[in-house]
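# Secondary and tertiary structure notes
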Amino acid sequence: MSPTTPEELSVIIKRLPNKYSAGTDEIPDIIIKASVTSIVDPLTDIFNSSFMSVFLLRLTAFLNKENIISDAQHGFSTGRSIQSAIYTFLNEIISAVDNKQHMSGIFLDLTKAFNVIDDNTLLQKLGNYGIQGLPNKWIHSYLNDHQQITQIKYKDIKTQKICNFYSNAQNITYGVPQGSVLWPILFIFYVNDLSEKITKGTTVLFADDANIQIKSHDEESLQKTATGIIQNLTQWTVLFADDANIQIKSHDEESLQKTATGIIQNLTQWFRTETMKKQ
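An account of the accompanying structure is given in this report. Note that this is a predicted model, so its numbers are computed, not measured. (Residues numbered from 1 in each chain as written. Predicted model: local features only at pLDDT ≥ 70, side-chain atom pairs only at ≥ 80, totals over all residues. Heavy atoms only, no water.)

## What about the packing of aromatic side chains?
As a reminder, the rule being used: Here a Phe, Tyr or Trp ring, Trp counted by its six-membered ring, pairs with any other such ring whose centre lies within 6.5 Å, and the pair is stacked when the planes are under 30 degrees apart, edge-to-face when over 60, and tilted otherwise. Here a strand is any run of E in DSSP of at least two residues, a helix any run of H or I of at least four, and the numbering for each starts at the N terminus. Type-normalised accessible area, obtained with a 1.4 Å probe on protein chains alone, sets the label of each residue: buried when under 20%, exposed when over 50%, and partly exposed for intermediate values. Both a distance and an angle decide whether a charge sits over a ring: NZ of Lys or CZ of Arg must be within 6 Å of the ring centre and within 35 degrees of the ring normal.
Tallied over the full model, the rule gives three aromatic pairs. Considering the side-chain rings of Phe55 and Trp138, the 4.5 Å spacing of their centres and the 10 degrees angle between planes classify their relative orientation as stacked. Taken together, the residues Phe55 in helix H4 (residues 52-66) and Trp138 in helix H7 (residues 133-143) connect sequence positions 83 residues apart. On the basis of relative accessible area, Phe55 is assigned to the buried category, the value being 6%. With relative accessibility at 16%, the residue Trp138 sits in the buried group. When the ring of Tyr129 is compared with that of Phe189, the centres are 5.7 Å apart and the planes differ by 45 degrees; the resulting orientation is tilted. Placement of Tyr129 in the loop between helix H6 (119-128) and H7 and of Phe189 in helix H8 (residues 183-191) is noted, with a sequence separation of 60 residues between them. Geometry around Tyr190 places Lys125 over its ring, the cationic atom sitting 4.4 Å from the centre.

Dropping the structure here:
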């Protein structure tokens, strides 16, 4: 990763919103933008050691060059949106109807997904994608010893002035820090391998929501495929987080019941196996 330059940093600063509100440093973005010519050189020296916006540019360039992000992901991706996710989803349904196929949908919702990411697993996945060495250590440093506070604005009764109240800082031990420019792309890295677990069916991802559509002319084959996918998803979601909701939908009640029964059997067997490993 090459160092940033004053010219590149000036472009980043000029993209800041014209906001008069400030964080704990009490320096509004609009003041920083107005002072860019005077502060850009010393800031460049500081940011070359570590800073999120500069790192994001490098990380995004690496992703585009290596074509790492799954084609199934529509959230936080350049050229992708909720519209493209809906289009892909509806197109699969129309295709099934035109070909007179049965279809089932598996919908996955990761509860509080951004808050339950395991830092060590994230760093391992980043390493597997080629983000190693100093960049990986930088992210490790960024994720560790991170704190958050709560800010409350209020009007002082005596002076009638708007004041700020700040809570005590608390350590963050799990999850990707939200509100920073890095958290969307780090989360995408974390869930990027989900579509790899689905070899039969069409996966559509949008941030922390996923749906898998399965088509077949044979109802029995459809049910077996759905059960196999659910088994893979169950193992993946338990490794991902403590809370995950799996929903199954089908126009055929019998197929729905069989799939649900298969899910329960797979879950029971999986938890028995994991419990024995821990004993």
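## Some remarks on helix H3 (residues 36-47)
Convention followed: Any helix carries an expected span of 1.5 Å times its number of residues minus one. To be clear, the arc concerns the directions from the helix axis to the C-beta atoms.
When the terminal C-alpha atoms of H3 are compared, their 14 Å separation across twelve residues is substantially less than the 16 Å that a helix rising 1.5 Å per residue should span. When we look at burial in H3, the residues that qualify are Val36, Val40, Leu43, Thr44 and Phe47. Looking straight down H3, one finds that the buried residues subtend no more than 110 degrees of arc, so they occupy a single side. Every exposed residue of H3 that faces more than 90 degrees away from the buried side is listed here: Ser38 and Asp45.

## Looking at the packing of helix H1 (residues 6-14) against H3
Rules: Fitted lines through C-alpha atoms serve as axes, helices being fitted only where they are in contact, and the angles separating the N-to-C directions of these axes extend from 0 to 180 degrees. These descriptions rest on fixed angle ranges, namely under 35 degrees for roughly parallel, over 145 for roughly antiparallel, 65 to 115 for roughly perpendicular, and the rest for oblique. By definition, turning the near helix anticlockwise from the far helix through less than a right angle yields a left-handed crossing, and turning it clockwise yields a right-handed one. Contacts were defined at the residue level, with two residues in contact if any of their heavy atoms lie within 4.5 Å.
With their axes 9 Å apart at the nearest point, H1 and H3 run at an angle of 115 degrees to one another. Between H1 and H3, the angle is such that the two are roughly perpendicular. For the pair H1 and H3, the crossing hand works out as right-handed. Of the residues in H3, those in contact with Pro6, Leu9, Ser10 and Ile13 of H1 are Val36, Val40, Asp41, Leu43, Thr44 and Phe47.

## What about the pattern of salt bridges?
The test is simple: Here, a salt bridge means any Lys or Arg side-chain nitrogen found within 4 Å of an Asp or Glu carboxyl oxygen.
Summed over the entire model, instances satisfying the criterion amount to four salt bridges. For Glu8, the salt bridge goes to Arg58, with nearest N and O atoms at 3.1 Å. In this pair, Glu8 is assigned in helix H1 and Arg58 in helix H4, connecting sequence segments 50 residues apart. In this structure, the salt-bridge partner of Lys125 is Asp193, at a minimum N-O distance of 3.3 Å. In this pair, Lys125 is assigned in helix H6 and Asp193 in the loop between H8 and strand E6 (202-206), connecting sequence segments 68 residues apart. Of the residues examined, Lys125 reaches a relative accessible area of 13% and is grouped as buried.

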